[in-house]
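# Survey of secondary and tertiary structure
For reference, the chains in residue letters:
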Amino acid sequence: MAPLQVYYSGLLFAPGSSLIRVGYLKNIPWVTMEPKVPDVWSSLIQTLEGHIEQVTSAAFSPNGKLVASASWDKTVRLWDTSTGKQCGVLEGHTHWVNLAVFSPDGKLIASASNDKTVRLWDTSTGNQCGLLVGHTSDVNSAVFSPDGKLVVSASDDKTVRLWDMSTGKQCEVLEGHTDFVNSAVFSPNGKLVASASRDKTVKLWDISTGKQCGVLEGHTAWVYSAVFSPHGKLVASASSDDTVRLWDTSTGKQCGVLEGHTNRVGSVVFSPDGKLVASASWDKTVRLWDTSTGKQSGVFKGHTNWVNSAVFSPDGKLVASASDDLTIRLWNTSTGNQYAVLEGHTSNVYSAVFSPDGKLVASVSWDNAIRLWDTSTGNQYGVWEDHTSNVYSAVFSPDGKLVASISKNDTVRLWDTSTGKQCKVLKGHTNLVKSAVFSPDGKLVATACYDRTVRLWDTSTGNQYGLLEGHTGWVDSAVFSPDGKLVVSASTDNTVRLWDTSTGQQCRVLKGHTSRVNSAVFSPDGKLVASASFDNTVRLWDTSTGKPCGVLEGHTDLVNSAVFSPDGKLVASSSKDNTVRLWDTTEKTTIEIIETHASIDIMKFSNDGTHLYTSHGILQLQSSLHSGGNRSLAHTFTHSLYVTDQWITCNTKKLLWLPVEYRWSCSAVNDTANLIVIGSASGRLILISIDFTALPAAYLQPSIAVIAGKGFLGLAGRYKL
């Protein structure tokens, strides 16, 4: 569908030492700043995408040619390991699928689900060929015996059950665990079953008698997985105490503790030769361990969310991992370590914002750090790590000399961009601070908080200047009026309130919304307020009287934000319905709808009113070209860079495909420098600069489909991004 764009992506994101990149990168003349990439290829071979919810398990077929994956999207999917293509979707479960495994001969798949069943599937046809019913709660795992004659299943009903494949009947119930049983597996000779439970134990069962024959105790938290070594002499167990433990099956004694994960370990598996163990963790990594020494021998990094399971291919050369990031990834075990993550954030990049002059970008992350980047070079300019909790927002002062950052530890910190030093800590809130904003002159900061207050702070001293109390619910946002004399606040108490900044007194309560109000903003002349709400509406208010003067209805889901155009004649609103609507403030009608294919959280108009800067990029507004004072300036800006999940687009046309590791979690676009910055859940932050004069002509013309509709001139421009 887009071969040239994918080729461009291959050149830009290939490692720096790639011969193809070195030889042909010059063939992309329109990229003036390249993303920083590692020097060498990683262990990652393929990423399999298709599931629409968390992937809970992955398993190789006995011949290694297929992978079966289970997901919370209620399906099992089959993948060709040589091409990475999806070759089957097994549908029938009515709830999450927790695990899927192949039979020893590869002809069947057993899947375990929260619908309390185990289902059997014919791999050649994809049809369901068996239904095992008996558990009274979620079934967490199901595994075939080595000879394929039995299936063992583990359930939240605290039991392990054995099923006869020749009849489909239950033949044994193994009872003894005192909490949910997370998994159960057969020993290589089929004579034992090991079950792992939330009761912090692994139990061994004799299949011939159905009796418990051993208890492996030592974990200090839930045990999620247990598996036998190929020779049956060891059991490896994975736990939410962040460890993997090795046990001698003949004595029941612990013989090794594998430590290194920084979060719960959900899955563990031996390599076919028993020399390695692979463990999957909520720390987003898969780790390899040498069973003879207990030492870590490799780390696979790249998943952007919890890793739920890992499994070796039959020849031991690959590991498949399943993750909450909706992907299955295949790794080469011979290379062991992935390349080092690019220097910078080590966790999800939550927000990125340009300084007013466009020379700096501030990015904030769940790694508790704020980082500054020089937009001319793409290099890190500074790092601030004094926060003791996740940082999720940062904002520059109007003159760019200060940055205010918000952390989950209820504090706001001020930083001097020239020195990189923390200059003030704003303490006083007693709950999560939701937003911070500078006054137009930069002398004050207003913070909105879940402690139901808005607080004003003096930026020169760091002292609290005012306490605005009155809301009876969380305060989501607070914004200064253009002259700085008022603050408007939006709250979960369904109200908008106006405050006098000189006295701290409440001067208006704006009532009318029927649900939580997400944001409120002043018009350029300060005479109106627009508020966005969970009730799917935007409402307009007269600030002098507090009276409502318009309800803008049309969104089909909650409205995230609303902003006025520079002349105040238009309002743009963004919604969870994945659209942006443009409204005429006089007629109270929709005059344009833009389909964004993602929810926009942050917006502002360009100075000429012809574009919207959003948290995904720039949207061109067709209707605004017809509004009074902006027509003469319309020629000053002609190009729109925008980020979707997988693409950077230019004027709605696909420009550059983003590999999985570089997918969007936040972004910002600077139109004066034609620069786009993208933060990813993996912690990477990339800057790409585009020279529009070198782009093919097809990219330089906006593609607009005009649709009939009520409103301004009877026209609405709709972009399909």
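On a predicted model such as this, the values are computed, not experimentally measured, just so you know.

About the thresholds
Residues numbered from 1 in each chain as written. Predicted model: local features only at pLDDT ≥ 70, side-chain atom pairs only at ≥ 80, totals over all residues. Heavy atoms only, no water. Helix = DSSP H or I, 4+ residues; strand = E, 2+ residues; numbered from the N terminus. Buried < 20%, exposed > 50% of the residue type's maximum accessible area, 1.4 Å probe, protein only. Areas by Shrake-Rupley, 256 points an atom, 1.4 Å probe, with all protein chains shown as cover. pLDDT = per-residue confidence, 0-100. Contact = heavy atoms within 4.5 Å. Pairing = 2+ DSSP bridges. Axes fitted to C-alpha atoms, helices over the stretch in contact; angles between N-to-C directions. Polar contact = N/O pair within 3.5 Å; in protein donor to acceptor, adjacent residues only side chain to side chain.

## Here we look at the overall build of the protein
Counting its secondary structure elements, the protein contains two helices and 64 strands. With respect to the principal axes defined by its C-alpha atoms, the protein has extents near 85 × 60 × 55 Å. Relative to its 721 residues, the protein shows a buried fraction of 58%. In the structure as shown, the protein presents an accessible area of about 28,800 Å², 50% of it carried by carbon and sulfur atoms.

## Considerations on the confidence of the model for the protein
This prediction gives the protein a mean pLDDT of 87; 93% of its residues lie at or above 70. Low confidence marks residues 624–638, where pLDDT is under 50. Its contacts with residues over four positions away, or in another chain, come to 30 contacts. Below pLDDT 50 for its whole length, residues 703–721 participates in 55 contacts with residues either more than four positions away or in separate chains.

## A closer look at the sheet that holds strand 24 (residues 276–281)
With antiparallel pairing, the four strands of this open sheet are ordered in space as 23-24-25-26. Because the sheet does not close on itself, it has two edges, and the strands there are strand 23 (265–270) and strand 26 (296–301). Direction aside, neighbouring strands of the sheet carry axes that sit 20 degrees apart on average. Where strand 24 meets strand 25 (residues 285–290), five bridges bridge the pair, whose relative direction is antiparallel. Considered in strand 25, the bridge of Leu276 is made with Asp290.

## As for the environment of Asn332
By the element assignment, Asn332 lies in strand 29 (residues 327–332). Residues Asn332 and Gly106, spaced 226 residues apart in sequence, show a C-alpha to C-alpha distance of 23 Å. There is a polar contact of 2.6 Å between the side chain of Asn332 and the side chain of Ser334.

## So, the environment of Thr243
Counting through the fold element by element, Thr243 comes out in strand 21 (residues 243–248). Judged by relative accessible area, which is 6%, Thr243 ranks as buried. In this structure the C-alpha to C-alpha distance between Thr243 and Gln46, which are 197 residues apart in sequence, comes to 28 Å. Beyond its immediate stretch of four places on either side in the chain, Thr243 contacts His219, Ser237, Ala238, Val257, Leu258, Glu259 and Val265. There is a polar contact of 2.6 Å between the side chain of Thr243 and the side chain of Asp241.

## Brief notes about the sheet that holds strand 40 (residues 453–458)
Here we have four strands laid out as an open sheet, ordered 38-39-40-41, and antiparallel in their pairing. If you trace the sheet from one side to the other, it starts and ends with strand 38 (433–438) and strand 41 (464–469), each paired once. Adjacent strand axes in the sheet meet at a mean angle of 20 degrees, parallel and antiparallel pairs treated alike.

## Quick word on the side chain of Asp157
With respect to the helices and strands, Asp157 occurs in the loop between strand 12 (150–155) and strand 13 (159–164). Here Thr136 takes part through its backbone nitrogen, which lies 3.1 Å from a polar atom of the side chain of Asp157. Every residue in contact with Asp157, bar those within four places of it in the chain, is listed here: His135, Thr136 and Ser137.

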